[in-house]
Amino acid sequence: PGNSNARISLRVLNLSSNKLGYEGGNHRRHDSKKYVNILFAARKLQKLDMGANGFTTASLFSQIRDHTNLRRCFVNLISLNLSRNEITSIDGLDILFPRLVCLDVSYNIIVALSEVLRVLASLRKTLEKLYLVGNP
């Protein structure tokens, strides 16, 4: 991570159940910058599991949505697990992860069906599995 030119061949990264969305018992305010360096290096990443971390919204990625280099890092990502968090919105996931085949956002707090349908429409050519069970 110290060398921004370093590349790793990591294809699967499981960061689940690490309380990444919490700091000292309190929710972080989208403090994902600590993990950005590893994502920059893992350009071959295909599966990312960030389930059960206490994230409050999928737009924790929104602060980096416009970061072109980071968006290029996710070009190979086909499976994303954000289950068992406290996510209320999946807006923008289709922009950050344009080739998703599997998206798991089960057991969150997603209520906006229109937003889900918009993301589905955007990913209609690639998305094969969507897990929404356990949302209100």
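Note that this is a predicted model, so its numbers are computed, not measured.

**Comments concerning the overall build of the protein**
Point 1. A count of helices and strands for the protein gives 5 helices and 7 strands.
Point 2. When the helices and strands of the protein are read in sequence order from the N terminus, they spell out β-β-β-α-β-α-α-β-α-β-α-β.
Point 3. Put simply, the protein has 136 residues, and 42% of those count as buried.
Point 4. Partitioning the intrachain contacts of the protein with sequence separation of at least 6 by distance along the chain shows that 75% fall at a separation of at least 24.

**Focus: the environment of V101**
Point 1. Checked against the element boundaries, V101 lands in the loop between α4 (93-96) and β6 (102-104).
Point 2. Of the residues examined, V101 reaches a relative accessible area of 25% and is grouped as partly exposed.
Point 3. The spacing of V101 and T126 is 25 residues in sequence and 5.3 Å in space, taken between C-alpha atoms.
Point 4. Leave out the neighbours within four places in its chain, and V101 touches I78, T126, L127, E128 and K129.

**Considering the pattern of salt bridges**
Point 1. Applying the stated rule across the entire model yields 2 salt bridges.
Point 2. For the salt bridge of D94 with R118, the shortest nitrogen-to-oxygen distance reads 3.0 Å. In this pair, D94 is assigned in helix α4 and R118 in helix α5 (residues 113-122), connecting sequence segments 24 residues apart.
Point 3. In this structure D94 comes out as buried when scored by relative accessible area, which is 6%.
Point 4. If you follow the salt bridges from partner to partner, you end up with D91, D94 and R118 in one network.

**Quick word on the side chain of S89**
Point 1. Along the chain, S89 falls in the loop between β5 (79-81) and α4.
Point 2. At 3.2 Å, the side chain of S89 and the backbone nitrogen of D91 are in polar contact.

**Quick notes on the nonpolar core**
Point 1. Judged by nonpolar contacts, the single largest core of 25 residues is most densely connected at L48, L77, L80, F97 and L100.
Point 2. Put simply, the parts of the chain that give this core at least two residues each are α4 and α5.
Point 3. Sequence-distant contacts of L77, that is, excluding residues within four places in its chain, are made with L45, Q46, K47, L48, F97, R99 and L100.

**Quick word on a nonpolar patch on the surface**
Point 1. A contiguous nonpolar patch, built from L113, L117 and L120 and spanning about 270 Å² of accessible area, is present on the exposed surface.
Point 2. Residue position: L113 is located in helix α5.

**Remarks on the side chain of N108**
Point 1. Within the element layout of this structure, N108 appears in the loop between β6 and α5.
Point 2. Of note is the side chain of N108, whose polar atom sits 3.2 Å from the backbone nitrogen of N85.
Point 3. Within the structure, N108 has its side chain in polar contact with the backbone oxygen of V105 (distance 3.0 Å).

Rules and cut-offs
- Residues numbered from 1 in each chain as written.
- Predicted model: local features only at pLDDT ≥ 70, side-chain atom pairs only at ≥ 80, totals over all residues.
- Heavy atoms only, no water.
- Helix = DSSP H or I, 4+ residues; strand = E, 2+ residues; numbered from the N terminus.
- Buried < 20%, exposed > 50% of the residue type's maximum accessible area, 1.4 Å probe, protein only.
- Contact = heavy atoms within 4.5 Å.
- Salt bridge = Lys/Arg side-chain N within 4 Å of Asp/Glu carboxyl O.
- Polar contact = N/O pair within 3.5 Å; in protein donor to acceptor, adjacent residues only side chain to side chain.
- Core = buried A, V, L, I, M, F, W, Y, C linked by side-chain atoms within 4.5 Å.
- Patch = residues over 30% accessible without salt bridge, like charges linked within 9 Å, V, L, I, M, F, W, Y side chains within 5 Å.
- Areas by Shrake-Rupley, 256 points an atom, 1.4 Å probe, with all protein chains shown as cover.

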